[in-house]
Amino acid sequence: MIKISEDESNGFCLRFFHLTCTRQTSLSSRMTRWENYLASAEKVIGAYAGSLPLHHFLKAFFKEHPYMGGRDRRWISQLVYHYFRLGQWGKSLPVSERVIAGALLCETAPNDFLAAVKPAWNEHTTLPLADKAALLPAVLTPDAVFPFSGELSAGIDANTYAYTMLTQPRLFIRVRNNKLDKVRQLLDNAAVAYEVFANNTTVALPNGTKIEVIVPEKSWYEVQDASSQQTGALFSPAAQQRWWDCCAASGGKSILLKDQQPGVQLLVSDVRRSILENLQQRFAAAGVKNYEARVADLTAEHFPASMGSRQFDGIILDAPCSGSGTWGRTPESISFFKKEEIQKYQQLQKRIAHNVVPFVKKGGALIYITCSVFKQENEDVVKYIEEISDLRKQEGGVIAGYDKGADTMYAVRLS
Ligand SMILES: C[S@@+](CC[C@H](N)C(=O)[O-])C[C@H]1O[C@@H](n2cnc3c(N)ncnc32)[C@H](O)[C@@H]1O
C-alpha cells in the first residue's frame, strides 16, 4: 500500500496511483503531477464522443475521479479545452502531442505544465501566434483550425475568425437600472480587472469571474454576451406595442426588450417547457412583469391556427442554429460538427420563419437573429423571408464579436 502524501507537489500522482493501482503499472507512481494531467487529458479526449457538451462530460468525469482536487480539475479541463481549440490541426499526430501544442498556442504566459513536459516551448508562450506556429511539428493554417471558412457570412474575416478559436471569449454583463456606479464599486472592491464599453452598459470581465458572488443583487445586471446585447439596437419598441419573442429560451432578448420599453405587451414562447420555467425565474429576479408565456412548437402543422388572428408590432425570431458564432466557448463543436448540419438548421429556420411571418402586423417588424457565422443560416434565410412575404431587410447584418472577445452573431430588422 502506498502512503498518501500531503505534499502538494506529488499528492495528485500518489493518490491517482493508490486509487487505480489494480490497473496501473509501477510507471504511474513515477509519473509527475504534470504527466498525470497529460494522461488524464488524453483519457478524457479518448472517451469524449461529442454527444453532450464537454463541460458536462468533464463534470461527470471528475465525479468518477473524486480524488482529484480543484487544481487538478482546472488543469485537466484546460488541457482538454486547449486540445479542442486546435480543431482539425495535427490529426495524424498523437493526442499527447496535440495537447502539448494546444498549451503552447492557447497559453499566453510560461506555465508549470509546459515547464514540466516541454520546457523548450515554455519561454515561447508569450510570442505572437506565427512564431509559436513555427515550432509546431505540423503546419498551422486557419482552415485546419476552423474547417468551415467557405460557409461564412459576408464580412467575416475567415483567417481572423479561425484563430479566435484559440482564445476563450470573455464574460459579459449588461448593467441594468442605472447601477453602473454601484457595479463598478463592487468590482473594484473585489479587485476584478474589467472594461466598461462606450455605451456605459456593457461590461467585459475575465472568464470565471464569480459575478453572482461579487454583485449579489440580481436585478442590477444580466449575464449576456456583448454581441447579444447589440442585437437590441434593432428593436426600437414603443409603449403598448405587442411583441412576441417566439424562440425565447430563458428570455435574454425579452429582458433586453422590456428594459428598453417596459410598456410593451409581451408574449414569450418556446418549444421547451423547462426553459420557460427558467425564464419565469429569471424574469422574477429581473423584476420583469406583465407577460404571457406559452409552450409552442413553431414547426407544428396546427401551430398557426392555435395563434388565432393575433398580430404583433414586433416579433423577435432568435432562431435555433448551429451556434457556430459561439464555438470559442464550446470549441469541441469544431471537431464534432458536420457540414451537412448547416442545411438542416436552415430548413428548421425557414420552417419557423414561414409559420411566424404571417403574425407580423402590416408596418410591423421581424427581428431575425442567429448566433451562427454561416451564410446559409443568415443571409439565405433572410432572402427566403423576403421571397415569401412583403418584409424587406431594413438594417443589420453580422455582429462581429471576435475583435472584442465576444461571440459573433447575425441580426437583421425586416419590416
Ligand atoms: C437561440 S435559442 C434562443 C435564445 C434566447 N432568445 C435568448 O436570448 O436567450 C433558440 C430557442 O429556440 C427554441 N426552439 C427550437 N426549435 C423550436 C421550435 N420548433 N419551436 C419553438 N421554439 C423552438 C429552442 O428551444 C431554443 O430555446
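Computed from a predicted model, the values in this text were never measured in an experiment.

A.B. asks: Honestly, the side chain of Glu332 in this entry has me stumped. Any pointers?
C.D. replies: With respect to the secondary-structure elements, Glu332 resides in helix H18 (residues 332–336). Buried charged residue Glu332 carries no salt bridge. Nearest counter-charge: Arg85, at 7.7 Å.

A.B. asks: Looking at this structure, how should I read the site of the ligand?
C.D. replies: Every one of the 15 residues lining the ligand counts as a neighbour, but Lys253, Asp270, Arg272, Asp297 and Asp318 are closest to it. A distance of 3.5 Å is found between an oxygen atom of the ligand and a backbone nitrogen or oxygen belonging to Gly252. Here a nitrogen atom of the ligand and a backbone polar atom of Val271 are 3.4 Å apart. Here the ligand loses 84% of its free accessible area of 600 Å² to cover by the protein chains. Taken together, the residues of the shell around the ligand break down into 8 nonpolar, 2 polar and 5 charged.

A.B. asks: Explain the domain arrangement of the protein chain to me, please; I cannot follow it from the model alone.
C.D. replies: Frequently, the measure chosen for interface size is the accessible area that the parts lose on association. Taken domain by domain, the protein chain comprises domain 1 (11–140), domain 2 (171–222) and domain 3 (234–414). Domain 2 puts 8 residues into the contact, and the matching count from domain 3 is 11 residues. At the boundary of domain 2 with domain 3, total buried surface from both sides reaches about 750 Å², with 47% on carbon and sulfur atoms. Asp259 is the partner of Arg176 in a salt bridge, and the nearest nitrogen-oxygen pair spans 2.7 Å.

A.B. asks: Can you help me understand the pairing of strand E6 (residues 265–270) in this one?
C.D. replies: Counted residue by residue, E6 has 5 buried out of 6 residues, so it is predominantly covered. Between strand E5 (residues 242–245) and its parallel partner E6, the chain crosses via helix H15 (residues 252–260), and the hand of that crossover is right-handed. Regarding the hand of the β-α-β motif, the stretch spanning E6, helix H16 (residues 273–286) and strand E7 (residues 291–295) is right-handed.

A.B. asks: What am I meant to see in the sheet that holds E7 here?
C.D. replies: Sheet strands line up and pair through hydrogen bonds in the backbone, either parallel or antiparallel. The strand order across the open sheet built from 7 strands is E7-E6-E5-E8-E9-E11-E10, with neighbouring strands paired in mixed fashion. Only two strands of the sheet have a single neighbouring strand rather than two, namely E7 and strand E10 (393–399). Neighbour-to-neighbour, the strand axes of this sheet turn through a mean angle of 15 degrees, independent of strand direction. Two elements, strand E8 (residues 312–318) and strand E9 (residues 360–370), share 6 bridges in a ladder whose sense is parallel. The partner of Gly314 across the bridge, within E9, is Ala365. Sheet strands touched by H15: E5, E6, E8, E9 and strand E11 (409–414). Its angle to E6, the strand with the most contacts, is close to 175 degrees.

A.B. asks: What's the story with the UniProt feature "active site" (unreviewed entry) in the protein chain in this structure? I'm lost.
C.D. replies: Feature annotation in UniProt assigns "active site" (unreviewed entry) to the following positions: Cys371. With respect to the element layout, Cys371 can be found in the loop between E9 and helix H20 (379–388). Using a relative accessible area of 22% as the deciding quantity, one classes Cys371 as partly exposed. Apart from the residues lying within four places of it in its own chain, the contact partners of Cys371 are Cys321, Gly323, Ser324, Gly325, Thr326, Thr408 and Met409.

A.B. asks: How should the pattern of salt bridges be read in this particular structure?
C.D. replies: Tallied over the entire structure, the rule returns 16 salt bridges. We note a salt bridge from Asp225 to Arg329, for which the minimum N-O separation is 2.7 Å. Taken together, the residues span a long stretch of sequence, with Asp225 in the loop between strand E4 (221–223) and helix H14 (226–230) and Arg329 in the loop between E8 and H18 at a distance of 104 residues. Residue Asp313 is joined to Lys361 by a salt bridge in which the shortest nitrogen-to-oxygen separation is 3.0 Å. Of this pair, Asp313 sits in strand E8 while Lys361 is found in strand E9, placing the two residues 48 residues apart along the sequence. One salt-bridge network, in which partners are shared between bridges, spans Arg174, Arg176 and Asp259.

A.B. asks: Whenever I open this one, the UniProt feature "binding site: S-adenosyl-L-methionine" (unreviewed entry) in the protein chain confuses me. Can you help?
C.D. replies: In the UniProt entry, the feature "binding site: S-adenosyl-L-methionine" (unreviewed entry) is given for Asp270, Asp297 and Asp318. In terms of the greatest pairwise C-alpha distance, the residues named above, spread along 49 residues, form a tight cluster of at most 14.1 Å across. Locating Asp270 in the fold gives a position in strand E6. Setting aside chain neighbours within four positions, we find Asp270 in contact with Cys246, Cys247, Ala248, Ala249, Ile275, Leu276, Arg294, Val295 and Ala296. Here the side chain of Asp270 touches Arg272 through a polar contact of 3.0 Å, landing on its backbone nitrogen. Polar contacts involving the side chain of Asp318 include one to the side chain of Lys253, which spans 2.7 Å.

Reading the values: the criteria
In this convention, every chain numbers its residues from 1, walking through the sequence in written order. Reporting of local features is limited, given that this is a predicted model, to residues whose pLDDT is at least 70; pairs of side-chain atoms are given and counted only at 80 or more, and all residues count toward the totals for whole chains, interfaces and linings. As a rule here, side-chain values come from all non-hydrogen atoms in the structure, and water together with hydrogens is ignored. Segments assigned H or I by DSSP are reported as helices when at least four residues long, segments assigned E as strands when at least two residues long, and all are numbered from the N terminus. Here's how the labels work: a residue is buried when its accessible area is under 20% of the maximum for its type, exposed when over 50%, partly exposed in between, all with a 1.4 Å probe on protein chains only. By the counting rule applied here, Lys and Arg register as positive and Asp and Glu as negative, while His and the ends of each chain are not counted. Here, a salt bridge means any Lys or Arg side-chain nitrogen found within 4 Å of an Asp or Glu carboxyl oxygen. The near set for a molecule or strand comprises every residue that places at least one heavy atom within 4 Å of it. N or O atoms closer than or at 3.5 Å make up a polar contact, with two conditions inside protein: a donor-capable atom paired with an acceptor-capable one, and, for residues adjacent in sequence, both atoms drawn from side chains. For the accessible areas, the method is Shrake-Rupley and the probe is 1.4 Å, while residue cover comes only from the protein chains on display. Charged means Asp, Glu, Lys or Arg here, nonpolar means Ala, Val, Leu, Ile, Met, Phe, Trp, Tyr, Cys or Pro, and polar covers whatever is left, Gly included. Marked domain ranges trace back to an automatic or database domain assignment. Two residues qualify as a contact provided that any one of their heavy atoms is within 4.5 Å of a heavy atom in the partner residue. The term buried area refers to how much accessible surface (probe radius 1.4 Å) is lost by two components on association, counted for both of them together. Seen with its strands pointing away from the viewer, a crossover is right-handed when the path leading from the first strand over the helix to the second is clockwise. Think of it this way: DSSP has to see at least two bridges between two strands before they count as a pair. Only C-alpha atoms enter the line fits that serve as axes; for helices the fit covers just the stretch in contact. Angles between N-to-C directions range over 0 to 180 degrees. UniProt positions are given in the numbering used here, feature names are shortened, and annotations may be inferred rather than shown by experiment.

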